[in-house]
Amino acid sequence: MRDLFANPGLPGRKRHQDLLRTYLREESITPLPIRRLAAAHPKTVDTVFRKLLRQPDFTWNKHGDALLRRRKPWYVESEQRPGVSVIGDRLSELLRSRPR
């Protein structure tokens, strides 16, 4: 998908667009990867979604949040918890030294 956001006119972009559609549809994928791609490619994100959604007036800044809320309501409605927890050196030591 990075290739698609880097170059929305990419030859053979249908395969990339299908992957983006899957990311939008799939419940096991959070909105984070899409948000990161949008943030990393502010000059092309509107073009990508205009072509994907066939909505010539779509802009990420104006419509992106609503799109993600509509496609991923489970994410918005649930309490989000971090997928990774960072622990300090001391706690890490204690966890390694405890008997199993």
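In this text, all values refer to a predicted model and were calculated from it rather than measured experimentally.

Parameters at a glance
- Residues numbered from 1 in each chain as written.
- Predicted model: local features only at pLDDT ≥ 70, side-chain atom pairs only at ≥ 80, totals over all residues.
- Heavy atoms only, no water.
- Phe/Tyr/Trp six-rings, centres within 6.5 Å; stacked < 30°, edge-to-face > 60°.
- Buried < 20%, exposed > 50% of the residue type's maximum accessible area, 1.4 Å probe, protein only.
- Salt bridge = Lys/Arg side-chain N within 4 Å of Asp/Glu carboxyl O.
- Helix = DSSP H or I, 4+ residues; strand = E, 2+ residues; numbered from the N terminus.
- Core = buried A, V, L, I, M, F, W, Y, C linked by side-chain atoms within 4.5 Å.
- Contact = heavy atoms within 4.5 Å.

(A) Here's a closer look at the packing of aromatic side chains. Tallying each qualifying case throughout the model produces 4 aromatic pairs. With centroids separated by 5.5 Å and ring planes inclined at 35°, the aromatic side chains of phenylalanine 49 and phenylalanine 58 adopt a geometry described as tilted. In this pair, the class of phenylalanine 49 matches that of phenylalanine 58, namely buried. Linked through ring pairs, Phe5, Phe49, Phe58 and Trp60 together constitute an aromatic cluster.

(B) Fine view of the pattern of salt bridges. Enumeration according to the criterion identifies 4 salt bridges in this entry. One salt bridge in this structure joins aspartate 18 and arginine 21, with 3.0 Å as the shortest N-O distance. In this pair, aspartate 18 and arginine 21 both sit in helix α2 (residues 13-25), 3 residues apart, roughly one turn of the helix. Residue classification places aspartate 18 among the partly exposed residues on the basis of a relative accessible area of 30%. By relative accessible area, arginine 21 is classed as partly exposed at 25%. Here arginine 90 and glutamate 93 are joined by a salt bridge, their closest N and O atoms 3.5 Å apart. With arginine 90 and glutamate 93 both in helix α7 (residues 89-97) and 3 residues apart, this pair spans about one turn of that helix. Relative accessible area serves as the criterion here: at 54%, arginine 90 is assigned to the exposed category.

(C) Region of the structure containing the nonpolar core. Core analysis: the biggest nonpolar cluster contains 17 residues, and Phe5, Leu20, Leu24, Ile34, Phe49, Trp60 and Leu67 have the highest contact counts within it. Those elements giving two or more residues to this core turn out to be α1 (2-6), α2, α3 (32-40), α4 (45-53) and α5 (60-71). In terms of residue count, α4 provides more of this core than any other element does, 5 residues in total. Among all residues touching phenylalanine 5, those that are not within four sequence positions of it are Leu20, Leu37, Ala38, His41, Thr44, Val45, Val48 and Phe49.

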